Amino acid sequence: MDAAAAREGRRIRVRGLVQGVGFRPFVWRLAQELGLSGEVSNDGEGVLIAAWGPGAALNQLAQRLAEEAPLLARVSAVEMAALDGMPASKDFRITASGDGAAAAVIPPDAATCPACLAEVCDPAERRHGYAFANCTHCGPRLTIAEAIPWDRPNTAMKVFPLCPACRAEYDDPADRRFHAQPIACPDCGPRLWFIDKAGEATGDSLQSTVAALRSGRIAAIKGLGGFHLACDAHNAEAIALLRQRKARDAKPFALMSADPASICVVSPEAAALLASPAAPIVLLPRRTDVRLPDTLAPDQDHLGVMLPATPLHHLLLDAFGGPLVMTSGNRSEEPQVIDNDAALTALAGIADVFLLHDRPILNRLDDSVIALDEAQQPIPLRRARGYAPAPIALPIKDCPPTLAMGGELKATFALLRGGEAIVSQHIGDLEQAGALDDYRRMLDLYCELYQFTPAVIAVDRHAGYLSTQLGEALAQETGARLARVAHHHAHFAACLADNGIPDSDDEHLGLLLDGLGLGDDDTLWGGEILVGNYRSARRVGGFPAVPLIGGGAAMREPWRNLLAHLAHAFGADWRTRAASVLQHFPEAGRLHLAERMLASGTNCPPCSSAGRLFDAAAAALGLHSARISHEGQAAMALEALARPYAASEQPYHAGLDAGGMLDWTPLWDALLGDLAAGCEPGRIAARFHLGVAAAVAEAAARIARPGQRVALSGGVMQNRILLAALCEALHRRGLAPLVHRIIPANDGGLSLGQGLIAAFA
Ligand code: ZN
Ligand code: ZN
Ligand code: FE
């Protein structure tokens, strides 16, 4: 048998996140090594290979495609078929992108890879000390994307023509930078500059920035997805100044550190997450033996820490030598600033110095935030840089093109089609004009990038959400079918989808503990037990509705919820039981006014929110009872207070009626008793958390079938003590809790759930 006859042909289809991640040159190198001829190209379905060679080598190719895939690739399938005919030549070639709907899937931005970092640190390399080095395995992606296909002229890099050295790397399939669209070097790429009060300064911009930071000043630093405001994390005066200028009195500041273990307890799982290409902020327990100003994260036992994720940040941290505060560069609650001119005006009153560069940030991407549960598994809190817009697999294969508009706070939208969803990055609170503008812009961009025309548009049932109104208008304009989805059903479905639960007639349980959302009966819900699936859900129990005294004011002033809960539990003579908490109410005039509102029902919508119950408990312990300065502040302080005792305390008891409705009266009774007896606040906080978990698990168990799945979602499920206690209690009762792992339990996850429900409706 001659050599030519032994050569077979194969058509190999690779699916998954395989474009813009160096997949074709990777295939090319494998083919060279294995002595194959043929070609590789991108098309609408992924990567397509036509290869000829000995059967054994072809099998090896298929196997190694999945096993040795590039760092940023995610191979979901490798399909092979026999191929007739002969190759056009005996070479193996990379051919231009073919056609197809989504021929230019844009991968998430990725942290500097080890090879690029080594170059930046090596004085012999031409990119030594260069803040914008990147390659096929790392660097900016969505932040610089303008249009499809994913080619340099369609990115923010179009204003930087390649120098001959970069061009040669770009054109060489054997090079790590083959077709790396954001490729750059000191000769042809973006540059840094430094501005202080005197104007643009000469000299080394990084060194000037470091000198300013060392002297306690605040620097606005243009990064990958937006500006950060930075200061020395050890300098309490600098932190106080930043808080004062930013009008941010207590919200925790994130840190950037090259060595998080020097300030926090870092498990192996946390270390891997920190060092992953997404490089998120990870919430880590503070080390008790390391002194850092408490004002970094008041009332918190954890710090949000990220590693440097761009060459700029590596160089900065290296030169500075310690942890830096790296909080988003904005005025109070506005979105992060992304361009130089806006920074120089909007941040003028906050930053003393500016470290700028000339690579435009086209799309704002906040830092992602992830917590870890007791088993050190990820609990996503904010999904943005490094994760969006990576596709999320759907539990169905034939989803019609569905656009889901999400909620109002922590807004995201989602494009669902076929077997995948693209969930946008966290955009922010749509009440902010800047965030709403961003939401519209991102929606246009994503629809263009994915060539997406919705057949169905899903919105929340709440007509007041700006995302709902936008969705209604869009449905009118395009003729797409509009589907209104109940808020907690969406949370429920989001959690099922996050866990890959298939669509079937099976019914699952959903425990939806949330701030608030509009329920099926048009009242405000937020502590619900639902039974159902993607297609339908019904309420079978939950928290009692308690008046929200003053409506929106009750969201900001925890004492109002304490009053409402005590009055609900004990009636008009609540004061006789509550001597130990009276000090946490405002002066008599305001308290009496609130009581009169309660008595007459004026501006007191009933609301079954779990979040407000936690606010009430926090207020009883004197935690921010008068006012919170950011969402969740009181509840987060309560959680941190409880943490040291959570493993050893016993739960408070709660009541449960035959209709599945919980009664918190016995819990309040015990809590007030403990307070009056002078029990340590941390123990009370722990007993409260465990009590809520035990009561909710008991309510679920009474309804559930053995082994039934229980989806845990809603913003309150970000509370890790509650989540752990609930999971434990459900497991103990033979049930199967499902926890969010990919998208947040908060309203950032709503869009995915809405989309699935609408697609089935
Ligand atoms: Zn790299
Ligand atoms: Zn160059
Ligand atoms: Fe919600």
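Worth saying up front: this structure is predicted, and the values here are computed from it rather than measured.

Strand order in the open sheet formed by six strands is 17-20-19-18-21-22, and the pairing between neighbours is mixed. Looking at the sheet topology across the chains shown, the edges are occupied by strand 17 (392-393) and strand 22 (481-485). Examined bridge by bridge, strand 18 (residues 399-404) and strand 21 (residues 456-460) share three bridges and lie parallel to one another. From the neighbouring strand, threonine 402 faces strand 21, where its bridge partner is valine 456. Of the strands in this sheet, strand 18, strand 19 (414-418), strand 20 (420-423), strand 21 and strand 22 are in contact with helix 21 (residues 750-760), which crosses strand 18 at around 135°.

Let's shift gears to the side chain of asparagine 340. Here asparagine 340 is to be found in helix 9 (residues 340-346). Look at asparagine 340 and you get buried, because its relative accessible area is 15%. Within polar-contact distance, the side chain of asparagine 340 engages the backbone oxygen of histidine 357 at 3.0 Å. Apart from the residues lying within four places of it in its own chain, the contact partners of asparagine 340 are Trp193, Lys222, Phe227, Leu356 and His357.

A few words now on the packing of aromatic side chains. Inspection of the entire model under this criterion finds 10 aromatic pairs. Residues phenylalanine 614 and phenylalanine 688 carry aromatic rings whose centres are separated by 4.9 Å and whose planes lie at 75° to one another, so their mutual orientation is edge-to-face. Taken together, the positions of phenylalanine 614 in helix 16 (residues 610-620) and phenylalanine 688 in helix 19 (residues 681-703) put the pair 74 residues apart, joining distant regions of the chain. Considered together, phenylalanine 614 and phenylalanine 688 belong to a single accessibility category, that of buried residues. Through a chain of ring-to-ring contacts, the aromatic side chains of Phe413, Tyr439, Tyr446 and Tyr450 assemble into a single cluster.

Surrounding the zinc ion (ligand 1) are the protein donor atoms Cys113 (SG), Cys116 (SG), Cys135 (SG) and Cys138 (SG), at 2.3 Å. The coordination sphere of the zinc ion (ligand 1) comprises four donor atoms, whose angles at the metal cover 102 to 121°; the geometry is tetrahedral. As a motif over one chain, the donors of the zinc ion (ligand 1) read C-x2-C-x18-C-x2-C. One end of the pair, cysteine 116, is in helix 3 (residues 114-121); the other, cysteine 138, is in the loop between helix 3 and helix 4 (164-171), and 22 residues separate them in sequence.

Below, the discussion takes up the nonpolar core. One broad rule of soluble globular proteins: the nonpolar side chains tend to lie buried together. Core analysis: the largest hydrophobic core is formed by 148 residues, its most contacted members being Leu511, Leu566, Trp668, Phe688, Val692, Leu712 and Leu726. Here this core gets 12 residues from one element, more than from any other, and that element is helix 19. Beyond its immediate stretch of four places on either side in the chain, leucine 726 contacts Leu511, Leu513, Ala693, Val696, Ala697, Leu712 and Met717. Counting residues in hydrophobic clusters, the runner-up holds 37 residues, among them Leu292, Leu303, Leu307 and Leu347.

Conventions and cut-offs
- Residue numbering note: each chain is counted from 1, following its sequence as written.
- Whichever chain is written first becomes A and whichever ligand is written first becomes 1, with later ones labelled in order.
- For this predicted model, a pLDDT threshold of at least 70 governs which residues receive local features, and a threshold of 80 or more governs which side-chain atom pairs are given and counted, while totals over whole chains, interfaces and linings are taken from all residues.
- Side-chain numbers come from the whole structure's heavy atoms, not from hydrogens or water.
- Any two strands with at least two DSSP bridges between them are considered paired.
- Every helix listed is a DSSP run of H or I at least four residues long, and every strand listed is a run of E at least two residues long, numbered separately from the N terminus.
- Only heavy atoms enter the contact rule, under which two residues are in contact if any of them lie within 4.5 Å.
- In this analysis an axis means a line fitted to C-alpha atoms, helices contributing only their contacting stretch, and an angle means the value between N-to-C directions, from 0 to 180 degrees.
- Any residue under 20% of the maximum accessible area for its type is buried, any over 50% is exposed, and the rest in between are partly exposed; the area is computed with a 1.4 Å probe on protein chains only.
- Here a polar contact means two N or O atoms within 3.5 Å. Within protein one must be a hydrogen donor candidate and the other an acceptor candidate, and residues neighboring in sequence count only if both atoms are side-chain atoms.
- Stacked, edge-to-face and tilted are the three classes for Phe, Tyr and Trp ring pairs, Trp counted by its six-membered ring, which pair at centre distances within 6.5 Å; planes under 30 degrees apart are stacked, over 60 edge-to-face, the rest tilted.
- For Na, K and Ca the donor cut-off is 3.2 Å; for every other metal, N, O and S atoms count as donors within 2.8 Å. Water does not enter the count, which can leave sites looking incomplete.
- In these descriptions, tetrahedral denotes four donors with every angle between 85 and 135 degrees, square planar four donors and octahedral six donors with opposite donors over 155 degrees apart and the rest between 65 and 115, and irregular any other case.
- Take the buried residues of types Ala, Val, Leu, Ile, Met, Phe, Trp, Tyr and Cys, join any two whose side-chain atoms come within 4.5 Å, and each joined set is a nonpolar core.

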